[in-house]
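Chain by chain, the residues run as shown.
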Amino acid sequence: MGLIIRNGEIVTAAERFHADVRVEGGTIAEIGTRLEPRTGDETIDAAGQYVLPGFIDPHVHMELPFMGTVSADDFEGGGASGAAGGVTTFIDFCMQDKGETLPAAVARWHAKAAKACIDYSYHMSITDFGPGTPAEMREVVETHGISSFKVFMAYKGALMVDDGQLYRIMQEAAKLGAVVTVHAENGDAIWHLQRELLAKGCTGPQFHPVSRPSLVEGEATERALMMARLHGTTAYIVHMTCKESVHALERAKLAGQRCYGETCPQYLLLDDTVFEKPDFGGSAYVMSPPIRPGHVGHHDALWNGLSNRMLDTVGTDHCPFTHAQKLAGQGDFTRIPNGAAGIEDRLALLYTYGVRAGRFDLSRMVELGSTGPARIFGLSRKGSVAVGMDADLVLFDPSGERTLSAKTHHSKADRCIFEGHKVSGRVARTISNGRTVWDGRQLTTTRGAGRFITRKPTHFAHHPEVKP
Ligand code: URP
Ligand code: ZN
Ligand code: ZN
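Residues numbered from 1 in each chain as written. Chains lettered and ligands numbered in written order. Predicted model: local features only at pLDDT ≥ 70, side-chain atom pairs only at ≥ 80, totals over all residues. Heavy atoms only, no water.

1. So, the overall build of the protein chain
Counting its secondary structure elements, the protein chain contains twelve helices and 20 strands. Whereas a compact globule of 468 residues would reach a radius of gyration of roughly 23 Å, the protein chain reaches 21 Å, a difference of no more than 12%. Taking the principal axes of the C-alpha coordinates as reference, the protein chain spans close to 70 × 55 × 40 Å. Expressed as a percentage of its 468 residues, the buried residues of the protein chain come to 63%. Considering only intrachain contacts with a sequence separation of at least 6, the fraction spanning at least 24 residues in the protein chain is 76%. Accessible surface computed for the protein chain: about 16900 Å², of which carbon and sulfur atoms make up 51%. Taking the 49 positively charged and 54 negatively charged side chains of the protein chain as two groups, their mean positions are separated by 1 Å. (Helix = DSSP H or I, 4+ residues; strand = E, 2+ residues; numbered from the N terminus. Rg over C-alpha atoms; globule rule 2.2 N^0.38 Å. Buried < 20%, exposed > 50% of the residue type's maximum accessible area, 1.4 Å probe, protein only. Contact = heavy atoms within 4.5 Å. Areas by Shrake-Rupley, 256 points an atom, 1.4 Å probe, with all protein chains shown as cover. Lys, Arg positive; Asp, Glu negative; His and termini not counted. Charge placed at Lys NZ, Arg CZ, Asp CG, Glu CD.)

Shown next, in the form of structure tokens:
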């Protein structure tokens, strides 16, 4: 049985046009005018709605073991929350435990992710680079279809890699054609800043941003990009928050380096006054890098980066923790689990504060939230509305207004960092592989229906300064 979506306006990263879409067997089979249903076909009238490619979240953490606890959404529930917000594919971070081989970590992650209800892939996080790691990196890329790695330059004593490891990971990734995604903050500087604050009795959540000023992000971004440049590696800087890191990326791009930058809605829309909320309410916003002060140019740098193409994607860093979990950091902000929910709200926020506010157009929104992540990370059947692509589609109704709230979102997080934000439009339907997973009111997901999507490496060394 097929599906025909009639009368909608198709929006891709390149164009907008009115046409019908025929879906067969989970694939977009035909795009044209006045397509006729065949026996047994379902017909959906999308008049007045945009037909967008399914959104891709390139940065999420489902059931992540982190800071003494585990992030609250599992692969099924987190994916479902995404489906309600127009997401049809997410890329999680497969985390290597200390002493574990990379393939063993992949097997462990597959066991957790099998229940996902929408498609997914992983970036491979390397936390323990050793003599066997280069061969394991090759196996991850060539056998497991994971063509991006992740390094944390922060979280000293836990996930952080040092400069030697960073150098080697960049070097090996370039040979394999893999992207290196980077959490860019100077973990050593943060460690000292945290100790100095705690020694002065500064223990509340409002000191989290003080311990991680924008300079430590700017410095690490510059360092990561320079390391990548040495080897001609494609670097992708995740969750960029500040003007210093945007400017570092800008310099690299203008010098001809192949590199990418991602930001997230919370860094575009919130400011550091959120940490002052009473009753430990500021803990809900504790994430790293931190939400920055307003009125000092960070927001403008990020929004401008999205419109002038210095930034390439908007992810969410979906990593929810409940208030009960956050309480682990009462009396010591360094123990508050870092992270918040976001996968469900990205499309609505980009539409409202990006498109409706006149900062960029619908096609650029599609590029930032779907086509860009697909292209950078090699999701070759996703990110566009075109014949032969996976039938991952969003019907977006631009009319009306609603208010974001933890009461209505589908994450297990009991607080919403965008609580009270008014947004325009709504996701009227999300279609994953030709099946409706969100009908505008209810989730219709199936546990385990999501597929692990393998990705080919395409980012081989690009003008390395150190010749192999
Ligand atoms: O605070 C955050 N961002 N938590 C998730 C882990 C990470 O650094 O992305
Ligand atoms: Zn991070
Ligand atoms: Zn993250």
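2. Some words on the coordination of the zinc ion (ligand 3)
The protein atoms that coordinate the zinc ion (ligand 3) are His 59 (NE2), His 61 (NE2) and Asp 317 (OD), at distances spanning 2.0 to 2.1 Å. Taken together, the four donor atoms coordinating the zinc ion (ligand 3) and their angles of 87 to 136 degrees define a geometry best described as irregular. Of note, the donors binding the zinc ion (ligand 3) are all from one chain and are spaced H-x1-H-x255-D. A spacing of 3.8 Å is found between the zinc ion (ligand 3) and the zinc ion (ligand 2). Taken together, the residues span a long stretch of sequence, with His 61 in the loop between strand S8 (55-60) and strand S9 (65-66) and Asp 317 in the loop between strand S17 (313-314) and helix H10 (323-326) at a distance of 256 residues. For His 61, a relative accessible area of 5% puts it in the buried group. Look at Asp 317 and you get buried, because its relative accessible area is 10%. (Donors = N, O, S within 2.8 Å, 3.2 Å for Na, K, Ca; no water. Tetrahedral: all angles 85-135°; square planar, octahedral: opposite > 155°, others 65-115°.)

3. Thoughts on the pairing of strand S13 (residues 148-152)
Judged by how many residues are buried, S13 sits mostly within the fold: five of five residues are covered. Burial along S13 is two-sided: Ser 148, Lys 150 and Phe 152 facing one way and Phe 149 and Val 151 facing the other are all buried. As judged from the two bridges shared by strand S12 (residues 119-125) and S13, these two strands associate in the parallel manner. Within S13, the position partnered with Ser 125 by the bridge is Lys 150. The parallel pair S12 and S13, bridged by helix H3 (residues 133-142), forms a crossover whose chirality is right-handed. Each parallel crossover has a hand, and for S13 linked through helix H4 (residues 163-176) to strand S14 (residues 179-183) it is right-handed. (Pairing = 2+ DSSP bridges. Right-handed = clockwise from strand over helix to strand, strands pointing away.)

4. Examining the domain arrangement of the protein chain
You'll often see interface size given as the accessible area lost when the parts meet. Along its sequence, the protein chain is organised into domain 1 (3-52 + 382-400 + 422-438) and domain 2 (55-376). Once you take the C-alpha centre of each, domain 1 and domain 2 turn out to be 30 Å apart. Listed by partner, the interface residues are 26 residues for domain 1 and 26 residues for domain 2. Carbon and sulfur atoms supply 65% of the area that domain 1 and domain 2 bury against each other, a total of about 2000 Å² over both sides. Counting across the domain 1 and domain 2 interface gives one salt bridge. Connecting domain 1 to domain 2 are eight residue pairs in polar contact (both at pLDDT 80 or more). Looking at the side of domain 1 that touches domain 2, the elements with two or more residues in it are strand S7 (50-53), strand S18 (393-403), strand S19 (422-432) and strand S20 (435-438). Considering each element in turn, the side of domain 1 that touches domain 2 owes the most residues, seven residues, to S19. (Domains from an automatic or database assignment. Buried area = accessible area lost by both parts, 1.4 Å probe. Salt bridge = Lys/Arg side-chain N within 4 Å of Asp/Glu carboxyl O. Polar contact = N/O pair within 3.5 Å; in protein donor to acceptor, adjacent residues only side chain to side chain.)

5. A word on the side chain of Asp 332
Its place among the elements puts Asp 332 in the loop between H10 and helix H11 (346-356). Judged by its relative accessible area of 14%, Asp 332 is buried. Excluding anything up to four places from it in sequence, Asp 332 contacts Leu 198 and Thr 203.

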